[in-house]
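# Per-entry structural report
Listed below are the residues making up each chain.
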Amino acid sequence: MGTEVVIFFTFWGISVLRDAKKMAQKKTIIEKMFGWMMPKGASKLKISKMNMCGIGTKMMKDIMKKKNIQSVSQMLELAKEMKIKLTVCQMSMDIMGIKKEELIDGIAFGGVASYLGETDNSKNNLFI
């Protein structure tokens, strides 16, 4: 609609931006544990408490496909094509031990001040 869009990813939302093919070399044991617990990319996301050992996630993906709804991975690619600014919270990355080299290409890095600056200049703001 011709409006600049910025999406700010923090804590568990960072999983969407992880690249399954990339790995960071130097991590502490705690950072490695977070890495093992978190999904690597949008295609590996679970459907929350309704996951039911993977059945819920599979059902949701099947329903989305039948109803011709794009997957989260496809929506992420479309967002990049549409020049939507994807910003990841540096503080959240530091806490969870996520390294820049583990993430997909073409994203920006910022903190809470970046997020607040974007909301000050926007007409709409959604925080999920």
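Right, let's walk through the structure included here. (Residues numbered from 1 in each chain as written. Predicted model: local features only at pLDDT ≥ 70, side-chain atom pairs only at ≥ 80, totals over all residues. Heavy atoms only, no water.)

### Description of the overall build of the chain
Check the secondary structure of the chain and you find 5 helices and 3 strands. When its helices and strands are written in sequence order, the chain yields β-α-α-α-β-α-β-α. The C-alpha extent of the chain, read off along each of the three principal axes, is 45 × 40 × 25 Å. By the burial criterion, 30% of the 128 residues in the chain qualify as buried. Of the roughly 9,500 Å² that the chain leaves accessible, carbon and sulfur atoms contribute 62%. Each charge sign in the chain was given a centre, from 21 positive and 12 negative side chains, and these centres are 8 Å apart. (Helix = DSSP H or I, 4+ residues; strand = E, 2+ residues; numbered from the N terminus. Buried < 20%, exposed > 50% of the residue type's maximum accessible area, 1.4 Å probe, protein only. Areas by Shrake-Rupley, 256 points an atom, 1.4 Å probe, with all protein chains shown as cover. Lys, Arg positive; Asp, Glu negative; His and termini not counted. Charge placed at Lys NZ, Arg CZ, Asp CG, Glu CD.)

### Looking at the sheet that holds strand β3 (residues 108-110)
Taken in spatial order, the 3 strands make up an open sheet running β1-β2-β3, and their pairing is parallel. Two strands lie at the open edges of the sheet, namely β1 (6-9) and β3, each paired on one side alone. Sheet twist, expressed as the average angle between the axes of neighbouring strands with direction ignored, equals 30°. In this sheet, β3 lies alongside strand β2 (residues 85-89) in parallel orientation, the contact comprising 3 bridges. Note that in β3 the partner of cysteine 89 across the bridge is glycine 110. (Pairing = 2+ DSSP bridges. Axes fitted to C-alpha atoms, helices over the stretch in contact; angles between N-to-C directions.)

### Focus on the side chain of glutamate 102
Relative to the elements of secondary structure, glutamate 102 occurs in the loop between α4 (90-96) and β3. What makes glutamate 102 buried here is its relative accessible area of 3%. Every residue in contact with glutamate 102, bar those within four places of it in the chain, is listed here: Leu17, Arg18, Asp19, Lys22, Met23, Ala24, Lys27 and Gly97. (Contact = heavy atoms within 4.5 Å.)

### Remarks on the pairing of β2
Where burial is concerned, most of β2 is hidden: 4 out of the 5 residues are buried. When β1 meets β2, the two strands line up parallel, connected through 4 bridges. Its bridge partner lying in β2, isoleucine 7 is registered against leucine 86. In terms of handedness, the path from β2 via α4 over to β3 forms a crossover that is right-handed. (Right-handed = clockwise from strand over helix to strand, strands pointing away.)

### Observations regarding the nonpolar core
Ranked by size, the top nonpolar core spans 18 residues in total, and within it Leu17, Leu86, Val88, Ile98, Leu103 and Ile107 carry the most contacts. Those residues in contact with leucine 17, other than ones at most four positions away along the chain, are Phe9, Leu76, Leu86, Val88, Glu102, Leu103, Ile104 and Ile107. (Core = buried A, V, L, I, M, F, W, Y, C linked by side-chain atoms within 4.5 Å.)

### Quick notes on the environment of serine 15
In this fold, serine 15 is placed in the loop between β1 and α1 (29-37). Between the C-alpha atom of serine 15 and that of glycine 110, which follows or precedes it by 95 residues, the distance is 16 Å. Excluding its chain neighbours within four sequence positions, the residues that come into contact with serine 15 are Met38, Pro39, Lys40, Gly41, Ala42 and Leu45.

### Structural notes on the pattern of salt bridges
Applying the stated rule across the entire model yields 7 salt bridges. A salt bridge links lysine 22 to aspartate 105, with the shortest nitrogen-to-oxygen separation between them at 2.9 Å. Here aspartate 105 lies in the loop between α4 and β3 and lysine 22 lies in the loop between β1 and α1, a separation of 83 residues in the sequence. Owing to a relative accessible area of 24%, lysine 22 belongs among the partly exposed residues under this scheme. (Salt bridge = Lys/Arg side-chain N within 4 Å of Asp/Glu carboxyl O.)

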